[in-house]
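Working through the structure, step by step
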Amino acid sequence: MSTLYYIGVLFGTFFVMEGITWLTHRYVMHGFLWYLHRDHHQKEPGFFEKNDWFFVIFAVPSMFLIGFGTYSNVWWMQAIGFGIMMYGAAYFLVHDVIIHQRFKWFSRSKSTYIRAIRWAHKMHHKHLDKYDGESFGMLLVHKKYWQKVRRERELMAAKKVGYAPE
């Protein structure tokens, strides 16, 4: 087994997970498992949410693939498991830390990307029920959110250059 194949499967899995996450969010979380996801849209008291169970739901196949791939020496299963785990870590960092600020680590970013994903997620959360949602992905952001953030940045820059009232 070549290290390049392993790395390719690992990163390929990571990127495929964005599509799987979009589909799961759209059709499972906003579908038959809405009762687990509802408290994420309709905030309830407490630090933990029923929605946090999705972490476990995604972690189980990852752990299975890593364990089985390691002990049975099936490198591609291990690589897929680690790719899912890597996406889970990125999801946690982006969703729970950067977007929802459940941990106050990156609260004042001026990054266009971070502002775009925050805006896209805000538009997702404007819908309090499971219907009429938008922006179900996490790491890939629709062009309209990038454009909005860039427009805001240009307007703010124009105000700083500004004019002096008479």
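Below or above, wherever it landed, is the structure these notes cover. Here the structure is a predicted model, which means the values were calculated and not measured.

Quick look at the overall build of the protein now. Helix and strand counts for the protein stand at 6 helices and 0 strands. Starting at the N terminus, the α and β elements of the protein follow one another as α-α-α-α-α-α. The globule rule puts the C-alpha radius of gyration for 166 residues at 15 Å, and the 19 Å found for the protein is more than 25% above it. Seen through its principal axes, the protein has C-alpha atoms that stretch 80 × 40 × 30 Å. In the protein, which comprises 166 residues, the proportion classed as buried is 38%. Working note: accessible area of the protein is about 11000 Å², and carbon and sulfur atoms make up 67% of it. Of the charged side chains in the protein, 21 are positive and 12 negative; the average position of the first set lies 5 Å away from that of the second.

Here the largest pocket is characterised by a volume of approximately 540 Å³. Along its surface, the largest pocket is lined by 24 residues, and Phe54, Phe55, Gly88, Tyr91 and Asp96 are the ones closest to its centre. Secondary-structure elements contributing two or more residues to the lining of the largest pocket are helix H1 (3-32), helix H3 (53-71) and helix H4 (75-99). Broken down by element, the lining of the largest pocket gets its largest block of residues, 8 residues, from H4.

What counts, and at which threshold
- Residues numbered from 1 in each chain as written.
- Predicted model: local features only at pLDDT ≥ 70, side-chain atom pairs only at ≥ 80, totals over all residues.
- Heavy atoms only, no water.
- Helix = DSSP H or I, 4+ residues; strand = E, 2+ residues; numbered from the N terminus.
- Rg over C-alpha atoms; globule rule 2.2 N^0.38 Å.
- Buried < 20%, exposed > 50% of the residue type's maximum accessible area, 1.4 Å probe, protein only.
- Areas by Shrake-Rupley, 256 points an atom, 1.4 Å probe, with all protein chains shown as cover.
- Lys, Arg positive; Asp, Glu negative; His and termini not counted.
- Charge placed at Lys NZ, Arg CZ, Asp CG, Glu CD.
- 1 Å grid on protein atoms, 1.4 Å probe; cavity = no way out; pocket = protein on both sides within 12 Å on 5 of 7 lines; lining within 4 Å.
- Points joined across faces, edges and corners; volume = space filled by probe spheres on them.

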